[in-house]
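Reading the structure
Now for the letters of each chain:
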Amino acid sequence: MPHLKRALSLISAKDYDGARIAAEKAVERDPSLIHAWHLLAIAREHLNDWPGALEAYERGLSLDPTNPPIANDLGRLASKMEMYPQAEALFRHYLSFRPFAPESSNNLAGVLREQMRYDEAIEVLKPAIGAHPDKVMLWNTLGTVLEDMGDVEQASVFYAEALRLNPDEAKARYNLSNTLFALGRREEAIAECRQAIAGSKTPEDSTTMRFALAAMLLAQGELGEGWDSYTARLEPTYCDPLHFLTTRPRWEPGMDIEGRHLLLIGEQGLGDEILFANPLDDVIAALGPGGRLSLAVTDRLVPLFERSYPRAVVGAHASMRTGGKSVRGAPFIEDWATVDLWAPLGEATRQFRRQVAAYPHRPEGFMQADPARIAHWRKALADLPGKRVGLLWTSMLINSTRYRYFAPFDAWEPILRTPGVTFVNLQYGDCREAIAKAKSEFGVEIVQPEGIDLKNDLDDVAALACALDLTVGFSNASFNLAAATGAPAWLLTLPDAWARLGEDAYPWYSQVRAFWPAVSGDWPPLMQEVAQALADFAAPAARLQA
């Protein structure tokens, strides 16, 4: 009991390591102490020892399967670990003992939302709100579900109700700011987001909100403050931050790098590594003749980066999960003592792209596809009739917050029916269902290029795109490959997309033409607009075919 009491006291004092030690001593003395296992699990969870926390929660629940608090906490941890079916079962188990309990109802709705089961999430929240209309968290979560469904106007109503109940609820204010931005009330949204940051209760919330503020500022063209706020992604309190395995000094924008050896390590997604290569020519110029640049990028991108930046030493970074953290290193660096400074790749953009005017006009792109492979693909595609247009309609990473960036495949019908065009698939992943649908329902053959792995042969994907007359699609890794190597490309995006940097054009890639709907998610008018533009583009070829 003394160890148990000490663990409880230390949990209250937020001394989680001390609480862990005390709770471990308690369960060593008596493994049947349910509360000791529960406290041990809580301590380990706060120490980011998720596997250890999972084991402790499970031990506690096995001793008392009808214990609702342990079921709820175990469900929370399972949700954090993206074990959604297990989390759902645990929350439903809890609610079978305590129907409409606010926290577990909220947690269950969140898990359903992550699985994009929105109608079910609403059905969980409705009776919970009926039983507890004063619970801010329920109104806030209902807003997030509606926002993910694309009904940002109704979502803003629920966030406003949460704020009426508690004007100091920073999460609701932050969520409201996002809906206001999507509704075009941008200055108001930025002001609300700043207020939410000021009132945030935890460093984690503050970091998330500052990252969102960065996107808003960048979308407004306020690049200086935008890129400075974007550094929130690098903080330990960011959601699953990337930890870099190096002890060398970190380069901060503004530091002189002339004559130094600088290592830049790719971060975020594969498409981001290409996008954030935009200022590498400026980096090389700043290093000067006596400087050295090393680049750590995704292994599939190494050939393209080596060809594009022959002065740099290019190697593959290596990533892993350990201790609940994502870590990344540059194993190709043989002598770390020669590296003067390092930085995440995106920090070069923060240094050299603080105004839209700093983005150079380079319609030829800033990366170099393989000329021999471009020639190969031009020959391989030569017999295809009309304009040869590459097609990209989705991403491999689609979740509850990203799917709104991509139109459903059915919406592509007007574009796919454009006369004078042969569509060539550039979309990686399993596309068989979509390609079959295009043929059976739209009467359109999407050509599958032979002899290429569209997911892994990225250097060849860039060459294929350069051999086409045009690439049309949403921003994913393949689109960025096409655009960075100067291939003609049309981008379908959103009205509040941060990467447009407040411009009608697309500053990252000079030759890209951008299209976006008047209202987020209103795809039919946009698809008709793109179809008409494509018809105009293909008109000479269509006349020849006729």
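Heads up: the structure comes first, above all this text.
In what follows, the accompanying structure is described. If you're wondering where the values come from, they're calculated on a predicted model, not measured in any experiment.

So, how was this worked out
- Residues numbered from 1 in each chain as written.
- Predicted model: local features only at pLDDT ≥ 70, side-chain atom pairs only at ≥ 80, totals over all residues.
- Heavy atoms only, no water.
- Helix = DSSP H or I, 4+ residues; strand = E, 2+ residues; numbered from the N terminus.
- Rg over C-alpha atoms; globule rule 2.2 N^0.38 Å.
- Buried < 20%, exposed > 50% of the residue type's maximum accessible area, 1.4 Å probe, protein only.
- Contact = heavy atoms within 4.5 Å.
- Areas by Shrake-Rupley, 256 points an atom, 1.4 Å probe, with all protein chains shown as cover.
- Lys, Arg positive; Asp, Glu negative; His and termini not counted.
- Charge placed at Lys NZ, Arg CZ, Asp CG, Glu CD.
- Core = buried A, V, L, I, M, F, W, Y, C linked by side-chain atoms within 4.5 Å.
- Axes fitted to C-alpha atoms, helices over the stretch in contact; angles between N-to-C directions.
- Parallel < 35°, antiparallel > 145°, perpendicular 65-115°, else oblique.
- Left-handed = near helix turned anticlockwise from the far one by under 90°.
- Nonpolar A, V, L, I, M, F, W, Y, C, P; charged D, E, K, R; others polar.
- Pairing = 2+ DSSP bridges.
- Right-handed = clockwise from strand over helix to strand, strands pointing away.

The subject of this paragraph is the overall build of the protein. Across its full length, the protein carries 24 helices and 13 strands. Computed over the C-alpha atoms, the radius of gyration of the protein is 26 Å, within 12% of the 24 Å expected from 2.2 N^0.38 for a compact globule of 546 residues. In terms of its C-alpha atoms, the protein occupies a principal-axis envelope of roughly 85 × 60 × 45 Å. Of all 546 residues assigned to the protein, the portion counted as buried reaches 53%. Sequence separation of at least 24 residues holds for 63% of the intrachain contacts in the protein that already meet a minimum separation of 6. In the structure as shown, the protein presents an accessible area of about 23,900 Å², 52% of it carried by carbon and sulfur atoms. Each charge sign in the protein was given a centre, from 54 positive and 71 negative side chains, and these centres are 2 Å apart.

Next up on the list: the nonpolar core. Formed by 70 residues in total, the largest nonpolar core has its most connected members in L264, V283, F305, Y309, W508 and Y509. For this core, the element with the most residues is helix α22 (residues 458–467), which contributes eight residues. Setting aside residues up to four positions removed in sequence, W508 forms contacts with W227, L275, F276, N278, T349, Y359, F366, W498, A499 and L501. Membership of the second largest hydrophobic core comes to 46 residues, among which are L108, A109, Y118 and L176.

Right, let's talk about the packing of helix α13 (residues 203–219) against helix α14 (residues 223–230) for a bit. α14 packs onto α13 with a crossing angle of 155° between their chain directions and a minimal axis gap of 8 Å. Judged by the angle between their axes, α13 and α14 are roughly antiparallel. When you trace α13 past α14, the crossing you get is left-handed. Where α13 approaches α14, its residues R210, F211, L213, A214, L217 and L218 are matched on the opposing element by L223, E225, G226, W227, S229 and Y230. In terms of residue class, the contact of α13 with α14 is built from eight nonpolar, two polar and two charged.

Within the open sheet, the three strands sit side by side as β1-β6-β5. Their pairing is mixed. Strands at the two margins of the open sheet, each flanked by one partner only, are β1 (242–244) and β5 (318–322). Averaged over neighbouring strand pairs, the angle between their axes works out to 30° when direction is ignored. Pairing analysis gives five bridges linking β5 to strand β6 (residues 325–329), with the strands arranged antiparallel. The residue of β6 that forms the bridge with M320 is V327.

Strand β11 (residues 470–474) sits mainly inside the fold: five of its five residues count as buried. Note that strand β8 (residues 387–392) and β11 share four bridges and pair parallel. Looking at the pairing, V389 lines up with L470 of β11. Where β11 and strand β12 (residues 489–492) come together, four bridges link them in parallel fashion. Looking at β12, one finds that T471 is bridged to A489. Traced from β11 through helix α23 (residues 477–484) to β12, the parallel crossover comes out right-handed.

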